[in-house]
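If you want the building blocks of each chain, they are given just below.
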Amino acid sequence: MLTLLIAAGMLAAAQSGPAPGSQVTGSLATDAAPIEVMVLGTYHFTGGGQDLHNADVDDHLAPERQREIEAVVDALASFDPDKIMVELTPEHEAGFNETYRAYRAGEHTLTVNERQQLGMRLAARLGHEQLYAVDYQNGMDFEAMLGAAQANEQDRLLAEFENFNARIPAMMSRFETGPVSERLRGANAPETAQLHSVYLTLAQMGSVEDPVGAHQMGNWWERNLVIFSRIAAHSEPGERILVIYGSGHTYLLEQFFGEAPGFDLVDPLSILP
């Protein structure tokens, strides 16, 4: 019965058509002003990290890098976001914003982390009262996936994963040298997003009876869906939202915001210097 009611409602909406001036995504319509979202994929300014692969970056507190970061912040300020979201879990938001208030009061020197160097610096420039922590952690077991592929003699998948690993040093080198703006442009380049396909290689690892890879990759999609939902929960119609996140998340977050009704996706490459 519920399915029939939903189907009837969808049919009625389709027959009546969208309201004048409404935003339409597929068959959905709304009168609300769209929320503009820019997902800025970043590398980790601190170097290292807990990702599968991590860049070895130079000192971003050095004067030259600080000037380059200021130039990036100048460019991001032209987007004029109403809210800034960062890669931090919500339980740490209060402490992060306490540090932010200390920075605004001249009582804190920014650390090298991109959440502070880009997020806090831009928020202070724009007079924001706070930043928003939207991350979600649930883990992925790469050893389990690779072990399942080996146990099931999935040589093609193991070869694809090795091909991915062989491409990583060249990509990581783009984050290790050159101006900060060029590194960020590399982090947001289409060829970087294309590397996300490795997750679908991993998703195939395992057997029909025990699809280990699919379950583990389900965690990855779940993590990014939760991040998406948290960003959306903090957003209001007509606002501009800047999301500062590790570039590994860019592919899915841009897919979600690009397809979700009520959102307009803004390409960071359009404003990065």
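Here the structure is a predicted model, which means the values were calculated and not measured. (Residues numbered from 1 in each chain as written. Predicted model: local features only at pLDDT ≥ 70, side-chain atom pairs only at ≥ 80, totals over all residues. Heavy atoms only, no water.)

## Regarding the environment of Leu272
With respect to the helices and strands, the residue Leu272 is situated in the segment after strand E7 (263–266). Overall, Leu272 belongs to the buried group, its relative accessible area being 6%. Setting aside residues no more than four positions away along its own chain, Leu272 makes contact with Leu40, Val72, Ala75, Leu184, Arg185 and Asn188. (Helix = DSSP H or I, 4+ residues; strand = E, 2+ residues; numbered from the N terminus. Buried < 20%, exposed > 50% of the residue type's maximum accessible area, 1.4 Å probe, protein only. Contact = heavy atoms within 4.5 Å.)

## Re the nonpolar core
By size, the foremost hydrophobic cluster in this structure holds 68 residues, and its most contacted members are Leu118 and Leu242. Examining the composition of this core, we find that seven residues originate from one element, helix H6 (residues 155–176), more than from any other. Each residue touching Leu242, except ones within four places of it in the same chain, is listed here: Met38, Leu40, Leu76, Phe79, Pro81, Lys83, Ile84, Met85 and Leu122. (Core = buried A, V, L, I, M, F, W, Y, C linked by side-chain atoms within 4.5 Å.)

## Points about the side chain of His60
Looking at where His60 falls in the secondary structure, it is placed in the loop between strand E3 (35–42) and helix H2 (63–77). Given the relative accessible area of 0%, His60 is considered buried. Looking at His60, its side chain comes within polar contact range of the side chain of Tyr43, at 2.8 Å. At a separation of 3.2 Å, a polar atom in the side chain of His60 contacts the main-chain carbonyl oxygen of Asp58. (Polar contact = N/O pair within 3.5 Å; in protein donor to acceptor, adjacent residues only side chain to side chain.)

## With respect to H6
Between its terminal C-alpha atoms H6 stretches 32 Å, which fits the 32 Å expected from 22 residues at 1.5 Å a residue. Of all the residues in H6, the buried ones are Leu157, Phe161, Phe164, Ile168, Met171, Met172 and Phe175. Those residues of H6 that are buried lie in contact with helix H5 (142–151), helix H7 (180–187), helix H8 (190–194) and helix H9 (198–203). The positive-phi residue at the C-terminal boundary of H6 is Gly178, with phi of around 90 degrees. (Expected span 1.5 Å × (residues − 1).)

## A look at unusual backbone geometry
Of note in this structure, Asp80 is not a glycine but carries a positive phi near 55 degrees. Owing to a relative accessible area of 36%, Asp80 belongs among the partly exposed residues under this scheme. At Glu153, a position not held by glycine, the phi torsion is positive, near 55 degrees. Within the secondary structure, Glu153 is located in the loop between H5 and H6. Judged by its relative accessible area of 63%, Glu153 is exposed.

By themselves, these are just geometric observations and shouldn't be taken as functional.
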